[in-house]
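# Structural overview
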Amino acid sequence: MDFTLKVWRQKSAKDKGRFATYKVQNISPDTSFLEMMDILNDQLVREGADPVAVEKGCKSEGPVAFDHDCREGICGMCSLYINGRAHGPDDDITTCQLHMRKFTDGETITIEPWRSAGMPVIKDLVVDRNALDKILQAGGYVSVNTGGIPDANTIPIPRDNAEESMDAAACVGCGACIATCKNGSAMLFVAARVSSLALLPQGKVEAARRAKAMVARMDELGFGACTNTRACEMECPKDISVAHIARLNREFLKAKIKD
Amino acid sequence: MSEKLISKIPEGTLSEKWTKHKAQIRVVSPANKRKLEVIVVGTGLGGASAAAALGELGYNVKVFCISDSPRRAHSIAAQGGINAAKNYPNDNDSVYRLFYDTIKGGDYRSREANVYRLAEVSNLIIDQCVAQGVPFAREYGGLLDNRSFGGSQVSRTFYARGQTGQQLLLGAYAALNRQIELGTVKSYVRHEMLDLVMIDGEAKGIIARNLVTGEIERHGAHAVVVATGGYGNVFFLSTNAMNSNGSVAWQCYKKGAFFANPSFAQIHPTCIPVHGEQQSKLTLMSESLRNDGRIWVPKKQEDVIKLREKKIKASQIPEEDRDYYLERRYPAFGNLVPRDVASRAAKERCDAGFGVNETGLAVFLDFKTAIQRLGKKVIEERYGNLFQMYEKITDVNPYDEPMMIYPAIHYTMGGLWVDYNLQTTIPGLYAIGEANFSDHGGNRLGASALMQGLADGYFILPYTIGDYLAGKIQVKMTDTNHPAFEEAEKSIKERLDRLFNIKGKQPVDHFHKKLGHIMWDYVGMARNEAGLKKAIEEIRVLREEFWKDLFVPGENNEFNQELEKAVRVADFLEMGELMAMDALTRKESCGGHFREEMQTEEGETLRDDENYMYVSTWEYTGYGKEPVKHKEPLQYEFIKIATRNYKD
């Protein structure tokens, strides 16, 4: 398969950035999207290394920077807006699980970074997601130290609660929900953690405090408000439901009423 | 034996050792802990849990990771589960049985005392994780559920769907986040350690590169903990994440830490087969699938040919024409034999011409019987996300057609040599989790990597490092203007410049792929003397090519992923040689290390306990010079050594 790629290039956070157009050829339909990016980068590195081309005035910009790591949909490192969709044109996957068989031969593919005030571009397609760590640092945990814990089976948990908690805990922290939200809100991300812990007896103890602290941190860091468009849910690679946002709101309200 | 190889295994009976040791080692008072700094490199299960636990104790901790968040570390990709000797299913499990299975699974090449301690603390891990809110799978009664893994006949594996590693790491990451918020831990993301700094023979800090700005930074401490995982990516294609690398362990080796059993690499039997040259990594299908999946190839050659020509589908082959070769060869353990055994058995069938895909390098993992027995819904609940992952990659629905799988590099049992305190041969330098060598011998059992990472990080290192730090309470914070830091920084800058200045024609991946081929062909699932010698020769040639023809684009002082890769591959090109050398000098077969010259008539591993019952540890003597091999003899005081038998 052959493709034309329109790729966002931006040297650094300060640079304005623009689209560059490249062509890749002979791509197997079984190739993953990121392997296709590897092939593009191989081309770009070789161009830069070619003294004849450089002499002729070919100014290679070098390979395209993009985040990736596990390449099996679990680390949350890969991102990319592909043809206007977070993680591209397939459902319930991250970009690394997208395969070229989902595109048509000869297609032009547009590739952009996450665009959101809370996640500025570092270079090309790489963005800074440190704010997500900071939100979790505000309270995304159960405050227990290591050791001195009673036997695990002393806390029975209804299976359905454990399962629903797990549904929310599947969040990989990729940021697709934020990039997709027109308000740049991190509500689904925050809700996934708050809800997952609120569903378990261990997490209930400080559920209200947690909700308040994490929402406050989210606001502080410049993320937008939620207006219930549900776009986040549509693009979440782990299919996390907005029902968790409802649970977050409930915990948040409870906390506010107590104040 | 080198005088540096003192294992410090405590006296006493097996079950007393750890308790006695804890009572005897020193502790640091809370007031003094505040004056001590510890650097933890890596944020997987080992690193994150260690950093969190040390922070809770009151030490000043600095934690480094190469990703944009500690949560991305590759522990997150572990699917199937974590072992513990809880005996919740009442199937007669115990600390002793977990210990025994682990030693036996490792083919009698790990330390008794370490493994027993691992089994002993395994139960604490489950308690800890539940308290943190890890959503383990539960029964309808609300209590924890278990499943089985390879190499054991009891169900002792705790799990959270097919995302156990993710959930455990999120637990440790949450504990770490809590300490970061409290100010006991300072987190450095997108930072890569490039060298260990030593003053007067002790580990005193690191040189790190800020991967966003390219700035070279100095960080001092009273002790350094390496938790950077394994070096499986030396093979290029592996189940490891793309950024996983062995460079930190390698830097420590070059600074004098001994490297143990480098040739012990684990090949996982159930991975999605290689599809072509454009492939960048291999995807694991969890071992938990072997609870319900049955592995087979056709009995008849004509069916194999029809399958390859796509004239028939696997599901059309009748039961009587299927060879469930694991059940046939190993009746007692069946599909749940250890990984090394299952991998070799797959290779044996494929070598005999029964491989089922176009390349002839695949076998079937079939759920037909399980779906008939339990219904599709139960299978979906147990393995839904794995089945989805498989379908996304291969475009085949595993509910209808069996999965195709083939072995791939997955884990490295070898690593930095450590004593019972998890200290390397360099005072003040510790190694935990996959980065050390200590617990898995020649083959790691499934669901034991998570157990070891968290055991080391939560419950072992925080105790043992106190014994060392107790001697440092009078020592001031490390001065990073010390000449040792200056020198280390200078040599790192020179090394980076050298990479840029090659100005050759080939991208880094070109060399990495070539190295991967050499490693897989000669240092992979089956090894022999001629092949290993050839590997060493070819790696040396490739290394020369690398330093002549590499091209690194861009600058040092910017975000530069090609440079990051170049630094790591330069190290892989040295590590590969040491792995081959270790494999060459271990003239026996054990666990995942299979020397073709040393096998039984049935093709099983043939150990040589008389001559090779030791840990081979390597001492660096300088670039291009032969390293020196030292031996730590393994003594089995408490269990009877036997030939591994999974047949009856």
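Residues numbered from 1 in each chain as written. Chains lettered and ligands numbered in written order. Predicted model: local features only at pLDDT ≥ 70, side-chain atom pairs only at ≥ 80, totals over all residues.

## Quick look at the overall build of chain A
Counting its regular elements, chain A contains 10 helices and seven strands. In terms of overall dimensions, chain A has a C-alpha envelope of 70 × 40 × 35 Å along the principal axes. The buried share of chain A, taken over its 259 residues, is 53%. For chain A, the share of sequence-separated contacts (at least 6 apart) that also reach a separation of at least 24 residues comes to 69%. (Helix = DSSP H or I, 4+ residues; strand = E, 2+ residues; numbered from the N terminus. Buried ≥ 20, exposed ≤ 12 C-beta atoms within 10 Å, placed from the backbone. Contact = placed C-beta atoms within 7 Å.)

## Side note on the overall build of chain B
The secondary structure content of chain B amounts to 18 helices and 19 strands. Against the globule reference of 26 Å for 648 residues, chain B gives a C-alpha radius of gyration of 24 Å, in line with a compact fold. The principal-axis extents of the C-alpha atoms in chain B amount to approximately 75 × 60 × 50 Å. Relative to its full complement of 648 residues, chain B shows a buried share of 61%. Long-range contacts, defined here as pairs at least 24 residues apart, represent 75% of the contacts in chain B between residues at least 6 apart. (Rg over C-alpha atoms; globule rule 2.2 N^0.38 Å.)

## Points about helix 6 (residues 164–182) of chain B
For helix 6 of chain B, with 19 residues, the first-to-last C-alpha span of 27 Å sits near the 27 Å given by 1.5 Å per residue. Within helix 6 of chain B, 17 of the 19 residues are buried, leaving the element largely enclosed by the surrounding structure. (Expected span 1.5 Å × (residues − 1).)

## Section: the interface of chain A and chain B
Bring the parts together and some accessible area is lost; that lost area is often taken as the interface size. Each partner contributes residues to the interface: chain A has 67 residues there, and chain B has 63 residues. Sorting the residues of the side of chain A that touches chain B by element identifies helix 1 (33–49), strand 6 (121–123), helix 3 (130–137), helix 4 (159–169), helix 6 (187–198) and helix 7 (201–204) of chain A as the ones contributing at least two each. Looking at the side of chain A that touches chain B element by element, the count peaks at nine residues for helix 1 of chain A. Taken together, the residues that form the side of chain A that touches chain B break down as 32 nonpolar, 20 polar and 15 charged. (Nonpolar A, V, L, I, M, F, W, Y, C, P; charged D, E, K, R; others polar.)

## Focus: unusual backbone geometry
It is generally the case that most residues other than glycine have a negative phi and that most peptide bonds are trans. We note that A:Arg71 has phi near 55°; this positive angle belongs to a residue other than glycine. The exposure class of A:Arg71 is buried, given the 25 C-beta atoms found within 10 Å. Non-glycine residue B:Asn87 carries a positive phi angle of around 60°. Locating B:Asn87 in the fold gives a position in the loop between strand 3 (82–83) and helix 4 (95–105). The exposure class assigned to B:Asn87 is partly exposed, which follows from the 18 C-beta atoms found within 10 Å.

## Things to note about the domain arrangement of chain B
Residues and elements named next belong to chain B. Partitioning chain B into domains gives domain 1 (30–267 + 411–472), domain 2 (270–408) and domain 3 (483–633). Look at where the C-alpha atoms of domain 2 and domain 3 centre, and you get two points 32 Å apart. Sort the elements by how many residues they give to the side of domain 2 that touches domain 3 and helix 10 (residues 339–354) lands first, with five residues. Looking at the side of domain 2 that touches domain 3, its residues break down into one nonpolar, one polar and four charged. (Domains from an automatic or database assignment.)

## Concerning helix 4 of chain A
By the burial criterion, the buried members of helix 4 of chain A are A:Ala162, A:Glu164, A:Ser165, A:Met166, A:Asp167, A:Ala168 and A:Ala169. The inward-facing, buried residues of helix 4 of chain A contact helix 6 and helix 10 (243–258) of chain A together with helix 6 of chain B.

## Regarding the domain arrangement of chain A
All names here are of chain A. On domain assignment, one finds that chain A holds domain 1 (3–123) and domain 2 (130–258). In this structure, domain 1 and domain 2 have C-alpha centres spaced 31 Å apart. Across the contact, 18 residues belong to domain 1 and 17 residues belong to domain 2. Of the residues that constitute the side of domain 1 that touches domain 2, the class distribution is eight nonpolar, seven polar and three charged.

## What to know about the sheet that holds strand 9 (residues 223–226) of chain B
Hydrogen bonds between backbone atoms are what pair the strands of a sheet, whose relative direction is either parallel or antiparallel. Residues and elements named next belong to chain B. The sheet built from five strands is open, its strands ordered 5-2-1-9-17 with parallel pairing. Looking at which strands have only one partner, the edges of the open sheet turn out to be strand 5 (185–188) and strand 17 (429–431). Within this sheet the neighbouring strands show an average axis-to-axis angle of 20°, counted without direction. Both strand 2 (residues 60–64) and strand 5 contribute to a ladder of four bridges, which runs parallel. Bridge pairing links Lys62 to Lys186 in strand 5. (Pairing = 2+ DSSP bridges. Axes fitted to C-alpha atoms, helices over the stretch in contact; angles between N-to-C directions.)

## Considering the environment of B:Gly453
All names here are of chain B. By secondary structure assignment, the location of Gly453 is in helix 13 (residues 449–469). For the pair formed by Gly453 and Gly229, sequence separation is 224 residues and the distance between their alpha carbons is 9.3 Å. Among all residues touching Gly453, those that are not within four sequence positions of it are Gly44, Leu45, Gly46, Ser75 and Gly433.

## Some details on the environment of B:Lys35
All names here are of chain B. Its place among the elements puts Lys35 in the loop between helix 2 (30–33) and strand 1 (37–41). Given 18 C-beta atoms within 10 Å, Lys35 falls into the partly exposed group. For the pair Lys35 and Tyr59, spaced 24 residues apart in sequence, the C-alpha separation works out to 7.3 Å.

## Some details on the packing of helix 3 (residues 45–57) of chain B against helix 6 of chain B
To describe two helices that pack against each other, one gives the angle between their axes and the distance between the axes. Residues and elements named next belong to chain B. The contact between helix 3 and helix 6 brings their axes to 8 Å, and the two run at 30°. Regarding helix 3 and helix 6, the two cross each other, and that crossing is left-handed. The segment helix 3 lies against helix 6, with Leu45, Ala48, Ser49, Ala51, Ala52, Gly55 and Glu56 engaging Leu168, Leu169, Ala172, Tyr173, Ala175, Leu176 and Gln179. Split into classes, the residues belonging to the contact of helix 3 with helix 6 amount to 10 nonpolar, three polar and one charged. (Left-handed = near helix turned anticlockwise from the far one by under 90°.)

## Focus on the confidence of the model for chain B
This prediction gives chain B a mean pLDDT of 96; 100% of its residues lie at or above 70. Quick note on the complex model: pTM equals 0.97, ipTM equals 0.97. (pLDDT = per-residue confidence, 0-100.)

## Observations regarding the sheet that holds strand 6 (residues 191–199) of chain B
Residue and element names in this part refer to chain B. In space, the three strands of this open sheet follow the order 6-7-8, with antiparallel pairing throughout. Two strands lie at the open edges of the sheet, namely strand 6 and strand 8 (216–220), each paired on one side alone. Here the average twist between neighbouring strands, direction ignored, is 25°. This element, helix 14 (residues 483–501), spans strand 6, strand 7 (202–210) and strand 8 of the sheet and lies at about 140° to strand 6.

## Some remarks on the pairing of strand 5 (residues 108–112) of chain A
Residue and element names in this part refer to chain A. In terms of strand pairing, strand 1 (residues 3–9) meets strand 5 through four bridges, oriented parallel. Considered in strand 5, the bridge of Thr4 is made with Thr108. Bridging between strand 3 (residues 81–82) and strand 5 involves two bridges; their strand directions are antiparallel. Considered in strand 5, the bridge of Tyr81 is made with Glu112.

## Let's talk about the pairing of strand 1 of chain A
In the sheet, strand 1 of chain A pairs with strand 2 (residues 18–24) of chain A via seven bridges, with the strands oriented antiparallel. Of the residues in strand 2 of chain A, the one forming a bridge with A:Trp8 is A:Phe19.

## Looking at the environment of B:Ser315
On the secondary structure map, B:Ser315 appears in the loop between helix 8 (301–308) and strand 13 (322–323). When sequence neighbours within four positions are dropped, the list of residues in contact with B:Ser315 reads B:Asp400 and B:Glu401.

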